[in-house]
Amino acid sequence: MTAESPFKLTYATMFNPPEELHTRFEEALAKVKAGLGKEYGMIIDGKERFADEKFVDHNPANTNEFLGIFQKGTVQDAHDAVAAAKKAFYKWSHTPWQERVALIRKAADLIDQRIFEIGAAVALEVGKNRMEALGDVAETADLFRYACDSMEKNNGFIVEMGRDPLTGFQSTNFSVLRPYGVWLVISPFNFPAALTGGPSAAALVTGNTLIMKPATDTPWTARLLAECLRDAGIPDGVFNYVTGPGSTLGQALIDHPDIAGVTFTGSYDVGMKIYRDFAQSRWVRPTILELGGKNPAIVSRHANLEDAAVGIVRSAFGLQGQKCSACSRVFIEEPVYDELVERLVALTNKLTIGDPTARNVYMGPVINASSYRDYQNFAEELHQSGRVLTGGKILTEGEYAKGYFVTPTLVADLPADHRLWQVEMFVPITTIAKVSNLEEAMTRANEVMYGLTAGFYGSPEEVEWFFDRIEAGVTYANRPQGATTGAWPGFQPFGGWKASGASGKNAGGVYYLPLYMHEQIRTLVKRL
Ligand SMILES: NC(=O)c1ccc[n+]([C@@H]2O[C@H](COP(=O)([O-])OP(=O)(O)OC[C@H]3O[C@@H](n4cnc5c(N)ncnc54)[C@H](O)[C@@H]3O)[C@@H](O)[C@H]2O)c1
Ligand SMILES: N[C@@H](CCC=O)C(=O)O
């Protein structure tokens, strides 16, 4: 994390950081705040590109604070970015993979060197608390390095196959994985560094050229990441950074026939639209979709309730419940239900809410006016249909007056067939149910269309049963660091089953890079 400290920041270690992380974050924050309000261009073919229309990036904790001015990219900008990436493809894809690895590693080093400044921007732009913000950036550097390591471990994905059993000839066969072409990365607001950077590094190191399109709420973090790529020496046109609305700029990219493949991370609805639209082409193009979650935690009568309570509250309310991995459903066996619920409510009531850059704050604001409204609508519905144990209201007084602040909310007694057991709310609301046994818990845990992450607290024998039966791509047992959140590249590669993901292979894992390449078999015959 830093040259001086052996501490490694991950989402599992972030709860007890060394003092140095706080002081360096605070220094960087002061510096970043002194330079707020600048205008940032897009980067197309290595050049700054400015559009006629602009949009303002706000701080969700204080909507009067303008973080920067960004370009509302047009359809023409989308087409120019594709043309630049297409032009750069031949050279980049024929650059020896070892050289690409060296450049991506250099970019990872720059991300690490700039971690406090980028982390401060993430905290201001997304409303993440300081350790979550630094974690997002540190994860990005690790995703870059994991992609490089993976390329090396697999020797550039060139594998000699068997030789044909021919008489009079020698026939050698090689399997070579080769890049597709121009790769599009569309990212969500909640992990603007890791979820823009991770797929981008995978696309680039495998020899694709790149267009990065971040969410309109978080163009700044992605811009700072693009600067790391630029400053590492990635050639002009190999990566392109464009900003603007998904419905116009994003759609123009999806509709462009020269986009060879896409990694989309975001909501189910937009992801499925992209999947369908992207299929309107002459051949099938690779489409990596990382979508929503409705992640359960199951707690058995044999669980350590302290670990369960801490893990569930961290995962329910970290980043204000706006993680695809957030723990939004809890199923508790009847004998321990009352005690665990009491602990969950007590811990939730202790969470500090406020300016996410402040040292003691755990929860910042939700991202924008639309999420703020969603929270209020869901809370109203839950007040009517369930029993709100804590939370269920917005905060509007004093330091909360200018931001989108809401309270962490736990709800019990919601009928099992209520629609909000199925919907990804993406705000800090978690529903809790009492179950008579673990079979009932498992049935309910699996009866949603999503299958992203899941958590379990119980005995070792029950844990094996849980891993075997749960329908999810990332699963955790007996983990106080987070019931369903906090995956880290190389430790917990991240991806979902069912409606949560399309590829069945997790990001930051051993099977990820091949998704960015197609296979070519090379048979060479020599007469003997
Ligand atoms: N599975 C995962 O790894 C993962 C990780 C993080 C977030 N998510 C999911 O992301 C969602 C939250 O993020 P969000 O609110 O930014 O998601 P979103 O779907 O609203 O937006 C995601 C991205 O899609 C773009 N977009 C919107 N319409 C488009 C179109 N027609 N064509 C092309 N691009 C378009 C947006 O501008 C943005 O960049 C949640 O559902 C969450 O679960 C999933
Ligand atoms: N990788 C993050 C979630 C990313 C989605 O929002 C986690 O594991 O908590």
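Look a little higher up for the structure.
These numbers come from a predicted model, not from an experiment.

Criteria and cut-off values
- Residues numbered from 1 in each chain as written.
- Chains lettered and ligands numbered in written order.
- Predicted model: local features only at pLDDT ≥ 70, side-chain atom pairs only at ≥ 80, totals over all residues.
- Buried ≥ 20, exposed ≤ 12 C-beta atoms within 10 Å, placed from the backbone.
- Helix = DSSP H or I, 4+ residues; strand = E, 2+ residues; numbered from the N terminus.
- Pairing = 2+ DSSP bridges.
- Near = placed C-beta within 6 Å.
- Nonpolar A, V, L, I, M, F, W, Y, C, P; charged D, E, K, R; others polar.
- Domains from an automatic or database assignment.
- Contact = placed C-beta atoms within 7 Å.

Asks: An account of the pairing of strand 19 (residues 429-435) is requested, with residue identities and associated values reported.
Replies: Among the seven residues of strand 19, six are classified as buried, and the element is accordingly described as predominantly covered. Where strand 14 (residues 327-333) lies against strand 19, five bridges are found, and the strand directions are parallel. Along strand 19, the bridge assignment pairs Val330 with Ile432. Bridge count for strand 18 (residues 409-412) against strand 19 is four bridges, and the pairing is parallel. Residue pairing in the sheet places Leu410 in a bridge with Thr430 of strand 19.

Asks: Before we move on, could you go through the site of ligand 1 and cite the residues and values that matter?
Replies: Residues in close proximity to ligand 1 total 33 residues, the closest being Pro188, Gly246, Gly250, Gly266 and Cys324. Listed by contribution, the elements that provide at least two residues to the shell around ligand 1 are helix 8 (246-254) and helix 9 (268-278). If one sorts the elements of the shell around ligand 1 by residue count, helix 8 sits on top with five residues. Counted by class, the shell around ligand 1 contains 15 nonpolar, 14 polar and four charged residues. Here the shell around ligand 1 gathers at least three residues from each of two domains, domain 1 (19-291 + 505-523) and domain 2 (295-489).

Asks: How would you summarise the environment of Asn240 if you had to cite specific residues and measurements?
Replies: On the secondary structure map, Asn240 appears in strand 10 (residues 239-241). Note on Asn240: 31 C-beta atoms within 10 Å, which makes it buried. As for Asn240 and Thr209, which are separated by 31 residues in sequence, their C-alpha atoms are 8.4 Å apart. Excluding residues within four positions of it along the chain, Asn240 makes contact with Ile43, Ile44, Asp45, Ala81, Ala84, Ala85, Leu210 and Ile211.

Asks: Before we move on, could you go through the site of ligand 2 and cite the residues and values that matter?
Replies: In the vicinity of ligand 2, the residues found are Asn190, Phe191, Lys323, Cys324, Ser325, Thr485, Gly486, Ala487 and Phe494. The residue makeup of the shell around ligand 2, split by class, is four nonpolar, four polar and one charged.

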